[in-house]
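Notes for the structure review
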Amino acid sequence: MAPPRAVLTDIEGTTTSIAFVKDRLFPFAQAALEGFLAAHGAAPAVASILDDVRAAAPGQDPVAALRGWMAADAKVTPLKALQGLIWRQGYADGRLKGHLWPDVAACLRAWRAGGVTLAVYSSGSVEAQRDLFGHSEAGDLTPLFAGFFDTRVGAKREAPSYAAIAAALGLPPEEILFLSDVAEELDAARAVGLQACQLVRAADGTVPSGRHPEEADFPGVARRFGLSAA
Ligand SMILES: CSCCC(=O)C(=O)COP(=O)(O)O
Ligand SMILES: [Mg+2]
């Protein structure tokens, strides 16, 4: 089979450790929530997110709704948008730096240099994705990516989301390789024809599903799918 023309990558558990997201990013947003809303709640972008929270959790106090979603790690668009705005402050002043597994940046650069289109699909907001890759431990990687997609395109376990991303990239689904640690996301991508590979990173404790090709790191993905080596 010809190498894929595009690689679509998940973040948490794929490019980036689960521990960074769960033990650094999420607590950072939890700790800053009330203070951020007190300082910025009237700003149009934040007020609009709070309207979305009220619409998604009618009759509930918005802060309580946000706290409930945080506790449940719910992939709810207004929570993800607000977390992204809070993290932005941390990236801007140096308290946060986007974690990448050591194999990731070199492979992304090699794949892009080889003409492969790169894109990101994460439950984290597009703004949060840009900040993580823009302030990553390997420098600013955002110029490598042709597209960033979040839950505004649809949920990651739903097949139409992947059809919409393929359409946005202007490529047949069969020419796109989706990388994720979550088998249900790979199932959804496969359902509309994308190629798929599960990242089974030992340090994240990922459990192989047995339903998709599996690799421990990006060089393994490169070897299996005929992509440029770093
Ligand atoms: C943009 S990094 C934050 C990731 C995040 O908020 C999240 O919920 C993880 O989602 P993913 O789809 O990358 O597993
Ligand atoms: Mg993931």
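Residues numbered from 1 in each chain as written. Chains lettered and ligands numbered in written order. Predicted model: local features only at pLDDT ≥ 70, side-chain atom pairs only at ≥ 80, totals over all residues. Heavy atoms only, no water.

Turning our attention to the overall build of the chain. Within the chain one finds nine helices and six strands. Here the C-alpha atoms of the chain give a radius of gyration of 18 Å, agreeing with the 17 Å that 2.2 N^0.38 yields for 230 residues. Taking all 230 residues of the chain together, the buried fraction comes to 53%. Taking contacts inside the chain between residues at least 6 apart in sequence as the whole, the part at least 24 apart equals 66%. As displayed, the chain has an accessible area near 9,700 Å², and 55% of this comes from carbon and sulfur atoms. (Helix = DSSP H or I, 4+ residues; strand = E, 2+ residues; numbered from the N terminus. Rg over C-alpha atoms; globule rule 2.2 N^0.38 Å. Buried < 20%, exposed > 50% of the residue type's maximum accessible area, 1.4 Å probe, protein only. Contact = heavy atoms within 4.5 Å. Areas by Shrake-Rupley, 256 points an atom, 1.4 Å probe, with all protein chains shown as cover.)

Around ligand 1 sit 15 residues in total, of which Lys75, Lys80, Ser122, Ser123 and Lys156 are the nearest. Within the contact set of ligand 1, an oxygen atom lies 2.8 Å away from a backbone nitrogen or oxygen of Ser123. Measuring from an oxygen atom of ligand 1, one finds a side-chain N or O atom of Lys156 at 2.5 Å. About the coverage of ligand 1: the protein hides 97% of its 400 Å² of free accessible area. For the shell around ligand 1, the elements supplying multiple residues, two or more each, are helix H1 (18-40), helix H4 (77-92) and helix H6 (126-134). The element that contributes the greatest number of residues to the shell around ligand 1 is H6, accounting for three residues. (Near = heavy atom within 4 Å. Polar contact = N/O pair within 3.5 Å; in protein donor to acceptor, adjacent residues only side chain to side chain.)

The next point concerns the side chain of Thr9. Tracing the chain through its elements places Thr9 in strand S1 (residues 6-9). Here Thr9 falls in the buried class, since its relative accessible area comes to 1%.

On to the side chain of Asp131. Mapping Asp131 onto the fold places it in helix H6. Not counting the four nearest positions on each side in its chain, Asp131 is found in contact with Gly84, Arg88 and Tyr91.

Time to look at the domain arrangement of the chain. For the chain, the assigned domains read domain 1 (6-16 + 98-225) and domain 2 (21-92). Between domain 1 and domain 2, the residue contacts involve 13 residues of the former and eleven residues of the latter. At the boundary of domain 1 with domain 2, total buried surface from both sides reaches about 1,100 Å², with 60% on carbon and sulfur atoms. Of all residues in domain 1, the largest losses of buried area upon contact with domain 2 belong to Glu12, Ser123 and Asp131, amounting jointly to 40% of the total for that side. At the junction of domain 1 with domain 2, the criterion picks out three salt bridges. (Domains from an automatic or database assignment. Buried area = accessible area lost by both parts, 1.4 Å probe. Salt bridge = Lys/Arg side-chain N within 4 Å of Asp/Glu carboxyl O.)

What follows covers the pattern of salt bridges. Scanning all chains against the criterion turns up 16 salt bridges. The partner of Arg5 in a salt bridge is Glu175, with the nearest N and O atoms 2.6 Å apart. Taken together, the residues Arg5 in the segment before S1 and Glu175 in the loop between helix H7 (159-169) and strand S4 (176-180) connect sequence positions 170 residues apart. Judged by its relative accessible area of 47%, Arg5 is partly exposed. Between Arg224 and Glu215 there is a salt bridge, and its shortest N-O distance comes to 2.7 Å. Via salt bridges that share partners, Glu12, Lys22, Asp73 and Lys75 belong to a single interconnected network.

All right, on to the confidence of the model for the chain then. Averaged over all residues, the pLDDT of the chain equals 98, while 100% of them reach at least 70. What the predictor reports for the complex is a pTM of 0.97 with an ipTM of 0.96. (pLDDT = per-residue confidence, 0-100.)

Those residues of helix H9 (residues 218-225) that fall on the buried side of the exposure criterion are Phe218, Gly220, Val221, Ala222 and Phe225. Looking at the buried residues of H9, the elements they touch are S1, helix H5 (104-113), S4, strand S5 (195-199) and strand S6 (214-215). The distance from a side-chain oxygen at the start of H9 to the backbone nitrogen of Gly220 is 3.0 Å, and the residue carrying that oxygen is Asp217. One or two residues past the end of H9 sits Gly226, with phi positive at roughly 70°.

Moving on to the packing of H4 against H6. Where H4 meets H6, the axes come as close as 9 Å, and the angle between the chain directions of the two elements is 20°. Relative to H6, the element H4 lies roughly parallel. Helix-helix and strand crossings are classified by hand; for H4 and H6 the assignment is left-handed. Contacts from Gly84, Trp87, Arg88 and Tyr91 in H4 reach Glu127, Ala128, Asp131 and Leu132 in H6. Residue composition of the contact of H4 with H6, grouped by class: four nonpolar, one polar and three charged. (Axes fitted to C-alpha atoms, helices over the stretch in contact; angles between N-to-C directions. Parallel < 35°, antiparallel > 145°, perpendicular 65-115°, else oblique. Left-handed = near helix turned anticlockwise from the far one by under 90°. Nonpolar A, V, L, I, M, F, W, Y, C, P; charged D, E, K, R; others polar.)

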